[in-house]
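Chain residues, written in single-letter form:
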Amino acid sequence: MGTKSQGQHKEKRLSAAAVRNVSVAGFYGDGHGLYLKVDPSGAKRWVQRLVVHGKRRDLGLGAANIVSLADARDTALQNRKTARMGGDPVASRRQLASIMTFKDAAEKVHALHLPTWRNPKHGQQWINTLNEYVFPHFGHKRIDVVTTADVLSALSQVWNSKPETARRVKQRIGSVMKWAVAQGWRSDNPADAIARALPKHDRSTVNHHSALPYGEVANAIERVNASEASLASKLALEFMILTATRSGETRGASWNEIDLEKAEWIIPAKRMKAKRPHRVPLSARCLEILKTAQMLKCESGHVFPGTSKGKPLSDATLSKLLRELS
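So, a few notes on the structure that sits alongside this text. Predicted model, so just to flag it, every value in this text is computed and none were measured. (Residues numbered from 1 in each chain as written. Predicted model: local features only at pLDDT ≥ 70, side-chain atom pairs only at ≥ 80, totals over all residues. Heavy atoms only, no water.)

Below, the discussion takes up the sheet that holds strand β2 (residues 34-38). Strand pairing in a sheet relies on backbone hydrogen bonds. The paired strands run either parallel or antiparallel. Across the sheet, which stays open at both edges, the 4 strands sit in the order β1-β2-β3-β4 with antiparallel pairing between neighbours. Two strands lie at the open edges of the sheet, namely β1 (26-31) and β4 (55-63), each paired on one side alone. Across the sheet, the mean angle from the axis of one strand to that of its neighbour is 30°, orientation sign disregarded. Pairing between strand β3 (residues 44-52) and β4: 8 bridges, direction antiparallel. (Pairing = 2+ DSSP bridges. Helix = DSSP H or I, 4+ residues; strand = E, 2+ residues; numbered from the N terminus. Axes fitted to C-alpha atoms, helices over the stretch in contact; angles between N-to-C directions.)

Right, here's the structure in full:
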């Protein structure tokens, strides 16, 4: 059996040819604590012996048929520098192995933020856009090695064709990267770094819904009531107009929020954008709408129930009604 190399410790004592040809079992030193270990079976692997925090440690650097002599030397040199500076190469390798892929990191960030989203639908959209536009490009890459070029390539596919979606995807990539920075896995955010590399969007062509003049509101409500929309849709739209509330606040209204005797509607903080309870005085017409809506009562307690059992009127239903009447 071969033995550990004796004599003066010189660097680079081995050669690529020697590594290929040696067959006698034993340790063959190269320098910086690097050894080629040959087993009786003929298998060869790299081992480095270092003193880390006053204790001798043996580090496996891989099989010789996979890790070349040059690569083993580079790793051994870096490990020795780390140890001399008081670091622990073993701990560094474990930390490196714990770094997530971008996809895993994104799913972790999504899970952390999910309880904070007011609407579960928003949380689902958050991860769905990354799944569609980002993961196919670099979701499999370890997050610390994702480059600005990776991010730019993914966003370029949709930056001009779907500008609003692309901006949201960029923000979501940035959120994941900021989390990675906090974990100590990165020192930069490539989503911010590419800002000047992407063309600016022209937002002047965005078409918002025109505001309806006050004098035409009554006529609009008459058109709604004369339409073929469901009773819940008609009542909800008029109620929303009269109370000056958002679509989600009206559609999500439940009977336990409404006091018909006091003629008031208390929208709880959890359903308000400002996260504060909101009191809405109810006019005589609002009370009439609510009395009519009592005929729609369902087990879920929603004032304006949708077609799906147990669910409120959907946003798409009201949006469709507005489009048809515009």
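Anyway, onward from the coordinates.
This brings us to the environment of S98. With respect to the element layout, S98 can be found in helix α3 (residues 89-98). In this structure S98 comes out as partly exposed when scored by relative accessible area, which is 40%. Expressed as a C-alpha distance, the spacing of S98 and R142, which sit 44 residues apart in the sequence, is 9.8 Å. (Buried < 20%, exposed > 50% of the residue type's maximum accessible area, 1.4 Å probe, protein only.)

When helix α13 (residues 284-293) is considered as a whole, its buried residues turn out to be C286, L287, I289, L290 and A293. Projected down its long axis, α13 carries its buried residues within an arc of 155°, all on one side. In α13, the exposed residues that point more than 90 degrees away from the buried face are A284 and K291. Buried positions along α13 lie against α11 (231-243) and β5 (258-259). (Arc of directions from axis to C-beta. Contact = heavy atoms within 4.5 Å.)

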